[in-house]
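Observations on the model geometry
Residues per chain, in single letters:
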Amino acid sequence: MPEQASPVVLRFEEVSLAFEEVQALDQVSFEIRRGETCILLGSAGSGKTVLLKTALGLLRPDRGRVEVFGQDITRMRESQLYDIRARIGILFQEGGLFDSLTIEENVAYPLVNQKLLRVPPEEVRARVEQALEFVELEHTLEKYPSELSGGMRRRVGIARALVTDPPLLLYDSPTAGLDPITACTIISLIIKGRDVRHATTVMATHRYQDGTWLDEFRYNPKSGRLEPAGSNGQPGFSGTKFMVLRQGKLVFEGSRTELEACQDPYVAKFVKR
Amino acid sequence: MLDLLKAPVESVQDFFYLAGRALRNVFRRPHYADDIVLQMEIIGFGSLPIVVLTGFFSGAVMGLQLSKALSQYGAVGKIGELVAITLVRELGPVLTSLMVAGRNSSGIASELGSMKVTEQIDAMRALGTDPIQKLVKPRLIAACVVLPLLTIIADFLGLVGGFVIAFTMLNLTPAHYWNSAWQAIDFSDLFQGLIKPFSFAFIVALVGCHYGLRTTGGTQGVGRSTTRAMVVASVWIFVMDFFITRMFVRG
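Everything numeric in this text was worked out from a predicted model, so none of it was measured.

**Re the overall build of chain B**
- Tallying secondary structure elements over chain B gives eight helices and zero strands in all.
- If you list the helices and strands of chain B from N to C, you get α-α-α-α-α-α-α-α.
- The principal-axis extent of the C-alpha atoms belonging to chain B is close to 65 × 45 × 35 Å.
- Classification of the 251 residues of chain B by burial places 45% in the buried group.
- Excluding contacts between residues fewer than 6 apart, the proportion of contacts in chain B whose partners are at least 24 apart in sequence is 89%.

**Remarks on the overall build of chain A**
- The helix and strand inventory of chain A stands at 10 helices and 12 strands.
- For chain A, whose C-alpha radius of gyration is 18 Å, the value lies close to the compact-globule estimate of 19 Å for 273 residues.
- For chain A, the spread of C-alpha atoms along the principal axes amounts to about 50 × 45 × 35 Å.
- Looking at chain A as a whole, 42% of its 273 residues are labelled buried.
- Look at the contacts in chain A between residues 6 or more apart in sequence, and 65% of them connect residues 24 or more apart.

**A closer look at the domain arrangement of chain A**
Residue and element names in this part refer to chain A.
- What the domain assignment lists for chain A is domain 1 (2-87 + 166-271) and domain 2 (96-163).
- Using only C-alpha atoms to locate each centre, domain 1 and domain 2 end up separated by 23 Å.
- The interface of domain 1 with domain 2 comprises 12 residues on the first partner and 12 residues on the second.
- Residue assignment for the side of domain 1 that touches domain 2 shows that the elements contributing at least two residues are helix H3 (78-85) and helix H7 (180-197).
- Ranked by residue count, the leading element in the side of domain 1 that touches domain 2 is H7, at five residues.
- Residues belonging to the side of domain 1 that touches domain 2 are distributed by class as follows: seven nonpolar, four polar and one charged.

**Some words on the sheet that holds strand E2 (residues 22-33) of chain A**
Residue and element names in this part refer to chain A.
- Ordered by their spatial adjacency, four strands build an open sheet running E2-E1-E4-E5, and the pairing between neighbours is antiparallel. Each edge of the open sheet carries a strand with a single partner, namely E2 and strand E5 (71-72).
- As defined by bridge partners, strand E1 (residues 8-19) adjoins E2 across eight bridges and the pair is classed as antiparallel. In the strand pairing of E2, Phe12 is matched with Phe30.

**So, the interface of chain B and chain A**
- Contact with chain B, which involves 11 residues of that partner, is made by 18 residues of chain A.
- Each residue belonging to the side of chain B that touches chain A can be placed in one class, and the counts come to three nonpolar, four polar and four charged.

**Observations regarding the environment of Ser173 of chain A**
- Mapped onto the elements of the fold, Ser173 of chain A is located in the loop between strand E7 (168-172) and H7.
- It is 10.0 Å that separates the C-alpha atoms of Ser173 of chain A and Ala44 of chain A, two residues lying 129 residues apart in sequence.

**Brief notes about the pairing of strand E10 (residues 225-228) of chain A**
Residue and element names in this part refer to chain A.
- Note: strand E9 (residues 217-220) against E10, four bridges, orientation antiparallel. Following the sheet pairing, Asn220 is matched in E10 by Arg225.
- Count of turn residues in the E9/E10 antiparallel hairpin: four residues, of which Gly224 carries a positive phi of about 70°.

**A closer look at the sheet that holds strand E11 (residues 240-246) of chain A**
All names here are of chain A.
- Across the sheet, which stays open at both edges, the six strands sit in the order E6-E7-E8-E3-E11-E12 with mixed pairing between neighbours. Where the open sheet ends on each side, the last strands, each with one partner, are strand E6 (88-91) and strand E12 (249-254). Each adjacent strand pair in this sheet contributes to an overall mean axis angle of 15°, direction not counted.
- Here strand E3 (residues 37-41) runs beside strand E8 (residues 200-205); their pairing, made up of five bridges, is parallel. Bridge pairing in E8 places Leu41 opposite Thr205.
- Sitting on the sheet, helix H2 (residues 48-55) touches E3, E7, E8 and E11, and the angle it makes with E7 is about 155°.
- Packed on one face of the sheet, H7 meets E3, E7 and E8 and runs near 160° to E8.

**Section: the packing of helix H2 (residues 33-73) of chain B against helix H3 (residues 79-117) of chain B**
Residues and elements named next belong to chain B.
- Where H2 contacts H3, the two axes come as close as 9 Å, and the packing angle between them is 145°. Every pair of crossing elements has a handedness; the one defined by H2 and H3 is right-handed.
- A per-class count over the contact of H2 with H3 returns 14 nonpolar, 11 polar and one charged.

**Section: the nonpolar core**
- Membership of the largest hydrophobic core comes to 131 residues, with the highest contact counts inside it found for Leu40 and Ala159 of chain A together with Val204 of chain B.
- At 16 residues, H3 of chain B tops the list of elements feeding residues into this core.
- The residue makeup of this core includes at least three contributed by each of domain 1 (2-87 + 166-271) and domain 2 (96-163) of chain A.
- Apart from residues no more than four positions distant in its own chain, Val204 of chain B is found in contact with Ser97, Val100, Ala101, Asn104, Ser105, Ala143, Leu147 and Ala233 of chain B.

Quick notes on the rules
- Think of each chain on its own: its residues are numbered from 1, step by step along the sequence as written.
- Whichever chain is written first becomes A and whichever ligand is written first becomes 1, with later ones labelled in order.
- Where local features are concerned, this predicted model is filtered to residues with pLDDT of at least 70; where side-chain atom pairs are given and counted, the filter is 80 or more; whole-chain, interface and lining totals use all residues.
- Segments assigned H or I by DSSP are reported as helices when at least four residues long, segments assigned E as strands when at least two residues long, and all are numbered from the N terminus.
- Here a residue counts as buried when 20 or more other C-beta atoms fall within 10 Å of its C-beta, as exposed when 12 or fewer do, and as partly exposed in between; the C-beta atoms come from the backbone.
- Contact criterion: two residues are in contact if their C-beta atoms, reconstructed from the backbone, are within 7 Å.
- Computation of the radius of gyration draws on C-alpha atoms alone. For the globule rule, the value is 2.2 Å times the number of residues to the power 0.38.
- Note that domain bounds follow an automatic or database assignment of domains.
- The residue classification treats Ala, Val, Leu, Ile, Met, Phe, Trp, Tyr, Cys and Pro as nonpolar and Asp, Glu, Lys and Arg as charged. All others, Gly included, are polar.
- Two strands qualify as a pair provided DSSP detects at least 2 bridges between them.
- To get an axis, a line is fitted to the C-alpha atoms, and for a helix only the part in contact is used. The angle between two axes follows their N-to-C directions and goes from 0 to 180 degrees.
- It is the rotation of the near helix from the far one that decides the hand of a crossing: anticlockwise by less than a right angle makes it left-handed, clockwise makes it right-handed.
- Joining buried Ala, Val, Leu, Ile, Met, Phe, Trp, Tyr and Cys residues through C-beta atoms within 7 Å gives a set, and that set is a nonpolar core.

Structure representation (structure tokens):
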């Protein structure tokens, strides 16, 4: 199988992390290969956010090893971590936009501040516009985050994650607290972002439906629309992996078919429609 | 018992860790000059009205209080001298720093605290900037520059306040008041009067940043950090004031 040959982008080895009494991650091990889509399911407080932040090096594990792009980041100095982070795009749960900066400055932030990227100042504006166009918010350049709706803020967050063209994208509960229609828009943007750039995508969510959409649909750049996977002779995606977290423990890892067949009551709860 | 001590010890350890990293970064690039200027405006220019008012009225009050005590000895003429010494050595630096701590330590803590609880600090780190460089350093540098300047302004207005009392109630001539005030202050007074606000600036900026960056627990947590920052900064200003004064007053 071709995906077996592709290199590992993100690897956790027996990673544990505790906050005082609470075990946020408990011996979590997995690996995600290039081009894969990984859906991280779990209820609130199960450790999804902590896992994503550990992958970015924002949190350091108490035990275990985290490898990103083949480099061990567990013992890296903060200054070295910036070079790794320059190649990762992240959407935070609430968007994580800087509320004292305009939308333009927000989206430009990684371009201006990631030393590794060295984007010439004259190119910044064009790339910001392009990224905002991608999420269909090109008219909001001069606005502040507080002037936008929750869904729009999330879309700006996606634009900011995509603007640097990162090979690895992390989404932390992108649809939490949104109405179903807006949630659908967000998910289709995530699919589009994944398929246009062939980025490895990790999405934490508590909605099983979000994950199935990422599995079922592909973005067709020719028609500019989402299409069911495998239609029109499009190549099938290299794979969607599902993982289920429960109180910091990884209780399931496998394909969608395996997930739907899983007998574990906690896992089954997510799959129930 | 040990569990009770754990939290404060950890907090102190975090504070010194933050202070160490902030100081190490003072001369290291990138410098974010825009942020430094902006913070100077917020801390310096923004505090001007309260510093002017507290300076003026503390000088005036001191004039009033001293006039009574001095008249018992027939030494009302010394008022300029006494107001000058107390203001320059003690009241100017401490009152100014307390005002700025009340205004800006809490302000910094609430600003950084809100950023922390809305994941903006994480976003900053994820997008290639070190919060110590981008948030803590500009505030520290700005406070260190503006607090001594604010103190000079407060000292001067305090002297003006004392003069208003001396001139209107005690019938001293302006020349008499200003001469005795000017001659009373020597170099060590000035030095003491400026080293204090400079040192207090570290407390004002770093305590605010420390509590802001440690904020957890949503909006309630921001409120808690804000109060703590102000209280702790004020108390430490008094403690530090004692030790600095002790260095100048050798028994």
